[in-house]
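# Examination of the molecular architecture
Listed below, chain by chain, are the residues.
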Amino acid sequence: MITHGKSIKIFTGNSHPELAQQIADMLGVPLGNSNVATFSDGEISVNINETVRGTDVFVVQSTNAPVNDNLMELLIMIDAFKRASAGRITAVIPYYGYARQDRKAKARDPITAKLVADLITAAGADRVLTMDLHAAQIQGYFDIPLDHLLGAPILAKYYIEKGFKDRDDVVVVSPDLGSVTRARKFADKLHAPIAIIDKRRPKANVSEIMNVIGDVQNKTVILVDDMIDTAGTIANAANVLRDMGAKEVYACCTHSVLSGPAIDKLENCAIKELTVLNTIKLPEEKNLEKINILSVAPVFAEAIRRIYEDVSVSKLFEE
């Protein structure tokens, strides 16, 4: 039951307009009329071309590369809606950038995940809707309500539909110790055992595989991670699993950042198929044959509908 009586409007920046359109179509509303461009000096220019007074506004914008442009677009759009007297503003951020610096790992480190949370709040957002934050504690960095959706159920459903749940040779593999909980929950859905790759990272964006904990000999393995950036971790892991006797290597993740040498590494590694969610728009030149893309639009549309109707969103958090 809708208690506030306001209309709903979906707007988007330039990071992923296709996803915003999919979400709007599923909700049966037109995409909001806005124009986000740049001035000649590179500053962000935002024009909202319809009234939003008193409405429930949802701004769909991932903060992936170019991360600073996309983040500023989001902040300026939120500010524009706030000054236009929108009834409630929800920042829908399928991929939350700057999340990897979530604590002080060494002296004089910034905590960018908290800084970005403060910026979004200061801009005027009333709540945030996101998916698979790099670290769960980032939810606590916001002083406004945050709904944290999960990508694993979408990925698991895909493998179940492919019959992996009915096979006895499937092993779910965590590419590092930090992803063990995610891998275990994913494996529970497939009724499969897990294995863990113990790796040492000598410096940023460089990973060194050490050993595999678990049995992968003659197994079909599925590597599960939250994001793939330069693809060093996932490619090295796939090659090690193959060298240790795995029959086939599949991989999946929520966020396909795929920066730097990622495409070359994926092309030349042992991964047979990489399944990703479309939280980030994948450029055509990065759309490899071995990359399979699943849409998050249905779960975001349902979450937005529930937020708008003031009903529980918790069912969407179930793993």
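Computed from a predicted model, the values in this text were never measured in an experiment.

Packing of helix H2 (residues 67-83) against helix H3 (residues 112-123) leaves a shortest axis separation of 8 Å and a crossing angle of 25 degrees. In terms of orientation, H2 and H3 fall into the roughly parallel class. In this structure, H2 contributes Leu71, Leu74, Leu75, Ile78, Asp79 and Lys82 to the contact, and H3 contributes Val116, Leu119, Ile120, Ala122 and Ala123. Taken together, the residues of the contact of H2 with H3 sort by class into nine nonpolar, no polar and two charged.

Across residues other than glycine, the phi torsion is negative in most instances, and most of the peptide bonds are trans. Residue proline 66 is reached from alanine 65 by a cis peptide bond, and omega for that bond is -5 degrees. Secondary-structure assignment places proline 66 in the loop between strand E4 (56-60) and H2. A positive phi angle, close to 65 degrees, is found at serine 85, a residue other than glycine. Tracing the chain through its elements places serine 85 in the loop between H2 and strand E5 (88-93). By relative accessible area, serine 85 is classed as partly exposed at 31%.

Turning our attention to the UniProt feature "binding site: D-ribose 5-phosphate" (unreviewed entry) in the chain. In this structure's numbering, the residues bearing the UniProt feature "binding site: D-ribose 5-phosphate" (unreviewed entry) are Arg201, Asp225, Asp229, Thr230, Ala231, Gly232 and Thr233. Along the chain, alanine 231 turns up in the loop between strand E11 (220-228) and helix H6 (232-243). Filtering out sequence-adjacent residues up to four positions away, alanine 231 remains in contact with Ala262, Lys265 and Leu266. Its location among the elements puts threonine 233 in helix H6.

The next thing to look at is the pairing of strand E7 (residues 146-149). Side-chain alternation along E7 places Leu146 and His148 on one buried face and Asp147 and Leu149 on a second face that is also buried. Inspection of the sheet shows strand E6 (residues 127-131) paired to E7 by four bridges, in the parallel sense. Bridge assignment links valine 128 to a residue of E7, and that residue is leucine 146.

Let us now look at the sheet that holds E4. With respect to topology, five strands assemble into an open sheet ordered E1-E4-E5-E6-E7, the strand pairing being parallel. Looking at which strands have only one partner, the edges of the open sheet turn out to be strand E1 (8-12) and E7. Going from strand to strand, the sheet's axes swing by 20 degrees on average, the running direction of each strand aside. Of the strands in this sheet, E1, E4 and E5 touch H2, which is tilted by about 165 degrees from E5.

Bringing the UniProt feature "binding site: ATP" (unreviewed entry) in the chain into the picture now. Sites flagged by UniProt as "binding site: ATP" (unreviewed entry) map to Asp41, Gly42, Glu43, Arg100 and Gln101. A maximum C-alpha distance of 29.7 Å is found for the annotated residues, which run over 61 residues; spatially they are spread out rather than grouped. Residue position: glutamate 43 is located in the loop between strand E2 (34-38) and strand E3 (44-48). Residues in contact with glutamate 43, not counting those within four places in the same chain, are Ala37 and Thr38. Within the secondary structure, arginine 100 sits in the loop between E5 and H3. With relative accessibility at 41%, the residue arginine 100 sits in the partly exposed group. Beyond its immediate stretch of four places on either side in the chain, arginine 100 contacts Tyr95, His134, Met227 and Asp229.

Taking 1.5 Å of rise per residue, the 12 residues of helix H8 (residues 297-308) would be expected to cover 16 Å, and the 16 Å separating its terminal C-alpha atoms lies within 8% of that figure. Judged by how many residues are buried, H8 sits mostly within the fold: nine of 12 residues are covered. Positive phi shows up at aspartate 310, right after H8, with a value of about 60 degrees.

On to the nonpolar core. Grouped together as the largest cluster of nonpolar side chains are 43 residues, with contacts concentrated most on Tyr159, Phe186, Leu190, Ile222 and Phe300. Top contributing element to this core by residue count: H8, with eight residues. If near-sequence neighbours (up to four positions away) are discounted, tyrosine 159 is found in contact with Phe164, Lys165, Phe186, Leu190, Ile222, Tyr250, Ala251, Cys252 and Thr275. If you look at the next biggest cluster of nonpolar residues, it comprises 33 residues, including Leu75, Met77, Tyr96 and Val116.

Under the counting rule described, the total for this entry stands at 19 salt bridges. Note that glutamate 50 and lysine 9 form a salt bridge whose closest N and O atoms lie 2.9 Å from each other. With a gap of 41 residues between them, glutamate 50 in the loop between E3 and E4 and lysine 9 in strand E1 connect regions that are remote in the sequence. The partly exposed category is assigned to glutamate 50, whose relative accessible area is 28%. For arginine 103, the salt bridge identified is with aspartate 102, shortest N-O distance 3.2 Å. In this structure aspartate 102 comes out as buried when scored by relative accessible area, which is 5%. It is possible to trace a salt-bridge network through shared partners that takes in Glu302, Arg305, Arg306 and Glu309.

Each value, and the rule that gives it
Residues numbered from 1 in each chain as written. Predicted model: local features only at pLDDT ≥ 70, side-chain atom pairs only at ≥ 80, totals over all residues. Heavy atoms only, no water. Axes fitted to C-alpha atoms, helices over the stretch in contact; angles between N-to-C directions. Helix = DSSP H or I, 4+ residues; strand = E, 2+ residues; numbered from the N terminus. Parallel < 35°, antiparallel > 145°, perpendicular 65-115°, else oblique. Contact = heavy atoms within 4.5 Å. Nonpolar A, V, L, I, M, F, W, Y, C, P; charged D, E, K, R; others polar. Buried < 20%, exposed > 50% of the residue type's maximum accessible area, 1.4 Å probe, protein only. UniProt positions renumbered as here; feature names shortened; annotations may be inferred. Pairing = 2+ DSSP bridges. Expected span 1.5 Å × (residues − 1). Core = buried A, V, L, I, M, F, W, Y, C linked by side-chain atoms within 4.5 Å. Salt bridge = Lys/Arg side-chain N within 4 Å of Asp/Glu carboxyl O.

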